Amino acid sequence: TAKNSDYRGIYSLNYDQGIKSWWNLESKISYQRGLQKFYDFDSYIKTNSEYLNQKVTLDLIHNFTLTPQRKILFGQAWQISTFDGKDKIRPPQSIGKVERTTKSAYLSWEEKITFPKLSSFLMVNSAVRFDQTSGFSSNWSPHFGRLLSQGEKFIKRIKTIWGNS
């Protein structure tokens, strides 16, 4: 009989501080832990393995509201990820422990253009993110999006997004 189990936990602490009327600072720290176990002793290829995945993340985000229609966000993030894969039947085939550190910086801009006569608005946003992960080459991720909405309560909307992650 095959069995598997999955235990997950996410713990986070968020802090939000208004520095000025137009500047807000957010900080987030989180810890994630996932443990998966797989057993199958009755099959032709026996299985007894477990995978432990842990992440610690710290985010610092600066929100700048320049006008009610224009917002800029600048953020920095640090993440330490650890993965430990063990094959208890065939130890030489185990993945073992792998640790990666990721440092990121991102910038986002959002503009809201209203059309009072049409009871609608256009939201335009763009962003860029830079990630540097140990063991990999650096990565730039651009993003551009539009949201056309009729009514503040989003009765009808058309949304387009371009970018990569």
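In what follows, the structure referred to is the one given above.
These numbers come from a predicted model, not from an experiment.

## So, the overall build of the chain
What the chain contains, in helices and strands, is zero helices and eight strands. When the helices and strands of the chain are read in sequence order from the N terminus, they spell out β-β-β-β-β-β-β-β. By the burial criterion, 22% of the 165 residues in the chain qualify as buried. A fraction of 46% describes how many contacts in the chain between residues 6 or more apart in sequence connect residues 24 or more apart.

## With respect to the pattern of salt bridges
Summed over the entire model, instances satisfying the criterion amount to six salt bridges. Here lysine 86 ties to aspartate 84 by a salt bridge, and the two come within 3.9 Å at their closest N and O atoms. Using a relative accessible area of 41% as the deciding quantity, one classes lysine 86 as partly exposed. Note that arginine 129 is salt-bridged to aspartate 131, the shortest N-O span being 2.9 Å.

## Quick look at the layout of surface pockets
Of the volumes computed, that of the largest pocket is approximately 310 Å³. In terms of lining residues, the largest pocket is bounded by 20 residues, among which Leu73, Ser108, Glu110, Ser126 and Ala127 are the most central. When residues of the lining of the largest pocket are traced back to their parent elements, those giving at least two are β3 (47–67), β4 (70–87), β5 (96–115), β6 (120–133) and β7 (139–150). The greatest single-element share of the lining of the largest pocket, amounting to five residues, is contributed by β6. The residue makeup of the lining of the largest pocket, split by class, is eight nonpolar, nine polar and three charged. What the second largest pocket holds in volume is close to 170 Å³. Surrounding the second largest pocket, Arg8, Gly9, Ile10, Gln32, Arg33, Gly34, Gln36, Tyr51, Asn53, Gln54, Lys55 and Phe83 form its lining. When residues of the lining of the second largest pocket are traced back to their parent elements, those giving at least two are β1 (2–20), β2 (23–40) and β3.

## A closer look at the pairing of β2
With 18 bridges connecting them, β1 and β2 associate as antiparallel partners. Looking at β2, one finds that serine 5 is bridged to lysine 37. Counted along the chain from β1 to the antiparallel partner β2, the turn is two residues long. Note that β2 and β3 share 18 bridges and pair antiparallel. Note that in β3 the partner of lysine 28 across the bridge is aspartate 59. The turn linking β2 back onto β3 is made up of six residues.

Conventions used here
- Residues numbered from 1 in each chain as written.
- Predicted model: local features only at pLDDT ≥ 70, side-chain atom pairs only at ≥ 80, totals over all residues.
- Heavy atoms only, no water.
- Helix = DSSP H or I, 4+ residues; strand = E, 2+ residues; numbered from the N terminus.
- Buried < 20%, exposed > 50% of the residue type's maximum accessible area, 1.4 Å probe, protein only.
- Contact = heavy atoms within 4.5 Å.
- Salt bridge = Lys/Arg side-chain N within 4 Å of Asp/Glu carboxyl O.
- 1 Å grid on protein atoms, 1.4 Å probe; cavity = no way out; pocket = protein on both sides within 12 Å on 5 of 7 lines; lining within 4 Å.
- Points joined across faces, edges and corners; volume = space filled by probe spheres on them.
- Nonpolar A, V, L, I, M, F, W, Y, C, P; charged D, E, K, R; others polar.
- Pairing = 2+ DSSP bridges.

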